Amino acid sequence: MTELSTVEVVSEPLPLPEFNYELISDPDEREWAESAAGYITFGLGQAVVKVLEAGNLLIEAKKRLAHGEYLPWVQQACGLKPKYAAQLTQAAEWMSNVQHAGHLENITDVTTLFLLSANATPEDVRQWAVDRCAAGDPPTRKEVIERKRQSQGKPDRTLAQEVKAALKISSEARHLAENAEHITTRQLMDEMDLDDLPKGSQHQSQSHMFLKNGNGWWKVPSPEPEPEPEPEPEAEPNTKPLQQSSRQRLLTTKEAAELLGISNQSVKTRLTPSALKGSQFVVVRGRVLRPSIERGKCIIDNCPP
């Protein structure tokens, strides 16, 4: 039989409060549940076959534990979320009904088994996966998803669409991707000096980014930090109103507002030092508007007499 690779738990385990086994009324079932919980929590960190055995134990626990005892035991004694426990039991139930199910043990990614055992997965996709495993070429999760799309009549992305997507990638990202290295979760833990399984899909060290990819990680060189631009010297604000020239016309702000078709207050606001921001003029509806040294008045350029 092909050697099975170690896989990590897909769902983040819940914190493990001390489970009170006195909640299980039957003494015999209490002893069995304590032993089963220990096997489940240990088996989930092992090969896929162990994960499926954990699913079978969960199925057995449903039958043996009284009403109201199963979910607290799953969450507290086994440290599993109910959704993940349901995925385990569904995968185990599906494999128990599959002909030549032993071939599926060649799949080393638990999420692929969850996908194949899901109710929404067509039967022809499942049989295709079994045949692939029997031939010694187990499909990846991505291949199962693609096969499922084909089975359900969903169009694949064309080569032109793939090229268009690739062209959107920046040259910097392309360069970093070319220098990426695929590593295992254990290697990531060593790189990051972690004692527990990493949470999340992205991690950062001083020299590299680590991006989640199935059961492993892409180790990508960190981009070079862009140098901070030197601050430009601030120009001295010139808020001194200009004198009127021969090409300009002096008007009251009210007259200017009527000429431009805006409110008088809008003209006054545009000519304040904060609005001008050091400039000598502001353009309003194609006309150059300037402040005047005379109170309550302004100067308009290119204005016919």
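The following paragraphs examine the structure supplied in this document. (Residues numbered from 1 in each chain as written. Predicted model: local features only at pLDDT ≥ 70, side-chain atom pairs only at ≥ 80, totals over all residues. Heavy atoms only, no water.)

1. Overview of the pattern of salt bridges
Step number 1: The final tally for this structure, using the stated rule, is 7 salt bridges.
Step number 2: Close ionic contact of glutamate 143 with arginine 132 constitutes a salt bridge, the shortest N to O distance being 3.0 Å. Linking glutamate 143 in helix 7 (residues 141–151) with arginine 132 in helix 6 (residues 123–134), this pair joins segments that are 11 residues apart in sequence.
Step number 3: Looking at arginine 132, the relative accessible area reads 18%, which means it is buried. (Salt bridge = Lys/Arg side-chain N within 4 Å of Asp/Glu carboxyl O. Helix = DSSP H or I, 4+ residues; strand = E, 2+ residues; numbered from the N terminus. Buried < 20%, exposed > 50% of the residue type's maximum accessible area, 1.4 Å probe, protein only.)

2. Quick look at the sheet that holds strand 3 (residues 208–213)
Step number 1: Reading across from one edge, 1-4-3-2 is the order of the 4 strands in this open sheet, with antiparallel pairing throughout. Across the chains shown, the open sheet's two edge strands, defined by having one partner strand only, are strand 1 (181–184) and strand 2 (202–204). Pairwise comparison of adjacent strand axes, ignoring direction, gives a mean angle of 30 degrees for this sheet.
Step number 2: Bridging between strand 2 and strand 3 involves 3 bridges; their strand directions are antiparallel. Bridged to histidine 203 within strand 3 is phenylalanine 210.
Step number 3: The sheet contacts of helix 10 (residues 185–192) involve strand 1, strand 2, strand 3 and strand 4 (216–221), and relative to strand 1 the element is tilted by about 95 degrees. (Pairing = 2+ DSSP bridges. Axes fitted to C-alpha atoms, helices over the stretch in contact; angles between N-to-C directions. Contact = heavy atoms within 4.5 Å.)

3. Quick look at the pairing of strand 3
Step number 1: Linking strand 2 to strand 3, which pair antiparallel, is a turn of 3 residues.
Step number 2: By the bridge criterion, 6 bridges tie strand 3 to strand 4 in an arrangement that is antiparallel. Each residue of the ladder has a partner; that of lysine 212, found in strand 4, is tryptophan 217.

4. Concerning helix 4 (residues 82–96)
Step number 1: Between its first and last C-alpha, helix 4 extends 21 Å over 15 residues, near the 21 Å set by a 1.5 Å rise per residue.
Step number 2: Among all positions of helix 4, only Tyr84, Ala85, Leu88, Thr89, Ala91, Ala92, Trp94 and Met95 are buried. (Expected span 1.5 Å × (residues − 1).)

5. Considerations on the sheet that holds strand 7 (residues 287–291)
Step number 1: Read from one edge of the open sheet, 4 strands run 5-8-7-6, paired in antiparallel fashion. Of all strands in the sheet, those with a lone pairing partner are strand 5 (248–252) and strand 6 (282–284), marking the two edges. Taken pair by pair, the neighbouring strands of this sheet meet at an average axis angle of 35 degrees, ignoring direction.
Step number 2: As paired elements, strand 6 and strand 7 share 3 bridges and run antiparallel to each other. Paired with valine 283 across the two strands is valine 288, which belongs to strand 7.
Step number 3: Running over the sheet, helix 11 (residues 253–260) touches strand 5, strand 6, strand 7 and strand 8 (297–301) and is turned about 110 degrees from strand 5.

6. Re the packing of helix 6 against helix 7
Helix-helix packing is described using two parameters, namely the angle between the two axes and the distance between the axes.
Step number 1: Relative orientation of the contacting elements helix 6 and helix 7 amounts to 140 degrees, with a least axis distance of 9 Å. In terms of axis orientation, helix 6 runs oblique to helix 7. Note on packing geometry: the crossing formed by helix 6 with helix 7 is right-handed. The segment helix 6 lies against helix 7, with Asp124, Val125, Trp128 and Arg132 engaging Glu143, Val144, Arg147, Lys148 and Ser151.
Step number 2: For the contact of helix 6 with helix 7, the residue count by class is 3 nonpolar, 1 polar and 5 charged. (Parallel < 35°, antiparallel > 145°, perpendicular 65-115°, else oblique. Left-handed = near helix turned anticlockwise from the far one by under 90°. Nonpolar A, V, L, I, M, F, W, Y, C, P; charged D, E, K, R; others polar.)

7. Focus: the nonpolar core
Side chains of nonpolar character tend, in soluble globular proteins, to be buried together.
Step number 1: Counting residues in hydrophobic clusters, the biggest one holds 38 residues, and the most contacted among them are Tyr21, Leu58, Trp73, Leu80 and Leu104.
Step number 2: Elements represented by at least two residues in this core include exactly helix 1 (27–43), helix 2 (48–64), helix 3 (70–77), helix 4, helix 5 (110–117) and helix 6.
Step number 3: A per-element tally of this core places helix 4 first, with 6 residues.
Step number 4: Counting 13 residues, the second largest nonpolar core, distinct from the first, contains Leu251, Ala257, Leu289 and Cys298. (Core = buried A, V, L, I, M, F, W, Y, C linked by side-chain atoms within 4.5 Å.)

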